[in-house]
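# Chain and residue survey
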Amino acid sequence: MLNAYCEKVERLLATKLVASDDCDINGKVRYEKEKGLWFEASLPPEEVIAEFLMAFRFFYLKKEKTFFLRTLNILRKHIANADARSHFDRLKQRWENGLFSSAMSIQLNGEPMTTSLLLDLWLNAHYFHSDEDKSDKLKELNEAFSDEFSKYMMLDGAFEAVKAVFSVYDTIKDMVKARASNP
């Protein structure tokens, strides 16, 4: 399972969104007295985003053997060191609370915009499936913020989650490679 995890991380590292300095994402919340409040985002081309999400899904989907939280739980069970366990606990928090690095929070109709919610809506209504209920919610979200800013929020949360994925990879990759070369 750890071999598969490392292979999927290497695939994620090779995506244009991760590997290239030319694929920046950023979002802005703007306000002017005459215009009011509006949201802007700068995103890479759609095919770059889709490639990233295709590689990211192996860590996000609960049925995948490389699902991040499952991998983290397995590692935690086999580590006795309190500092290492604490590190994994922080990674779990980073995974679960990734949007805007918890620097601010946004709500829409009383519902917090979380990484989990944004990924659920975008992946299930736009990228991988055509769930009608989620499509309606995504449309409502996009009308409130703009399509680009909504997608930016989803990608920002995914990037924070990916940092946790990469941290686990950095922790285990040498062990996995050594184990593979000495079966």
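The structure contained in this document is the topic of the report that follows.

In this section: the overall build of the protein. Regarding its fold elements, the protein presents eight helices and four strands. Listed by position from the N terminus, the elements making up the protein come as α-α-β-β-α-α-α-β-β-α-α-α. C-alpha extents for the protein along the principal axes are approximately 65 × 35 × 35 Å. Here the protein, with 183 residues, has 41% of them falling under the buried criterion. Counting only contacts in the protein whose residues sit at least 6 apart along the sequence, the fraction spanning at least 24 positions is 65%. When the accessible surface of the protein is summed, it comes to about 10600 Å², and 47% of that surface belongs to carbon and sulfur atoms. Computing the positive centroid from 26 side-chain charges and the negative centroid from 29, the protein places the two 7 Å apart.

Quick look at unusual backbone geometry now. A positive phi angle, close to 55°, is found at Asn109, a residue other than glycine. The residue Asn109 is located in the loop between β3 (107-108) and β4 (111-112) in this model. A positive phi angle, close to 110°, is found at Ser146, a residue other than glycine. Mapped onto the elements, Ser146 comes out in the loop between α7 (132-145) and α8 (147-181).

Quick look at the environment of Phe166 now. Within the secondary structure, Phe166 sits in helix α8. Each C-alpha atom of the pair Phe166 and Ile79 lies 19 Å from the other, and the pair is 87 residues apart in sequence. Other than its neighbours up to four places away in sequence, Phe166 contacts Val9, Leu12, Leu13 and Val18.

It is the contact of helix α4 (residues 68-77) with helix α5 (residues 82-96), at a shortest axis distance of 10 Å, that shows an interaxial angle of 170°. Relative to α5, α4 is oriented roughly antiparallel. Contacts from Phe68, Leu69, Leu72, Leu75 and Arg76 in α4 reach Arg85, Phe88, Asp89, Leu91, Lys92, Trp95 and Glu96 in α5. Grouping the constituent residues of the contact of α4 with α5 by class yields seven nonpolar, no polar and five charged.

In this section: the nonpolar core. If you look at the biggest cluster of nonpolar residues, it comprises 54 residues, and the most contacted ones within it are Phe56 and Phe68. Contributing elements (two or more residues each) for this core: α1 (2-13), α3 (46-60), α4, α5, α6 (115-127), α7 and α8. Considering every element that reaches this core, the biggest residue donor is α8, with 15 residues. Those residues in contact with Phe56 that lie beyond four places of it in its chain are Leu12, Trp95, Leu119, Ala158, Ala161 and Val162.

Turning our attention to the pattern of salt bridges. A side chain with one charge may pair with a side chain of the opposite charge, provided their charged atoms come close. Summed over the entire model, instances satisfying the criterion amount to seven salt bridges. Where Asp89 meets Arg76, a salt bridge forms, and the shortest distance between an N and an O atom there is 2.8 Å. You can see Asp89 sitting in helix α5 and its partner Arg76 sitting in helix α4, a full 13 residues away along the chain. You can call Arg76 partly exposed: its relative accessible area is 21%. For Glu160, the salt bridge identified is with Arg94, shortest N-O distance 3.5 Å. Remark: Arg94 occurs in helix α5 and Glu160 occurs in helix α8; sequence separation between them is 66 residues. A relative accessible area of 34% means that Arg94 is categorised as partly exposed.

A word on α4. Listing the buried residues of α4 in full gives Phe68, Leu69, Thr71, Leu72 and Leu75. Buried residues of α4, seen end-on, are gathered within an arc of 160° and therefore sit on one face of the element. In the core, the buried residues of α4 are packed alongside α1, α3, α5 and α8.

Analysis parameters
Sequence order as written defines residue numbering, which begins from 1 separately in each chain. Only residues with pLDDT of 70 or above have their local features reported here, since the model is predicted, and side-chain atom pairs are shown and tallied only from 80 upward, although totals for entire chains, interfaces and linings are computed over all residues. Hydrogens and water are ignored here; the side-chain numbers use all heavy atoms of the structure. Numbered from the N terminus, helices here are DSSP runs of H or I no shorter than four residues, and strands are runs of E no shorter than two. Partly exposed describes any residue whose relative accessible area lies between the buried limit of under 20% and the exposed limit of over 50%, with all areas from a 1.4 Å probe on protein chains only and scaled to the type maximum. Whether two residues are in contact is decided by their heavy atoms: any pair within 4.5 Å suffices. Working definition of accessibility: Shrake-Rupley area with a 1.4 Å probe, residue cover restricted to the visible protein chains. Under this rule, positive means Lys or Arg and negative means Asp or Glu; His and the chain ends count for nothing. Taken as the charge centre is NZ of Lys, CZ of Arg, CG of Asp or CD of Glu, depending on the residue. Here an axis means a line fitted to C-alpha atoms, over the contact stretch when the element is a helix, while the angle between two N-to-C directions is reported on a 0 to 180 degree scale. By the definition adopted for this analysis, an angle is roughly parallel if under 35 degrees, roughly antiparallel if over 145, roughly perpendicular if from 65 to 115, and oblique otherwise. Put simply, Ala, Val, Leu, Ile, Met, Phe, Trp, Tyr, Cys and Pro go in the nonpolar bin, Asp, Glu, Lys and Arg in the charged bin, and everything else, Gly too, in the polar bin. To form a nonpolar core, buried Ala, Val, Leu, Ile, Met, Phe, Trp, Tyr and Cys residues must be joined to one another through side-chain atoms within 4.5 Å. In the sections that follow, a salt bridge refers to a side-chain nitrogen of Lys or Arg positioned within 4 Å of a carboxyl oxygen of Asp or Glu. Here the arc refers to the set of directions running from the helix axis out to each C-beta atom.

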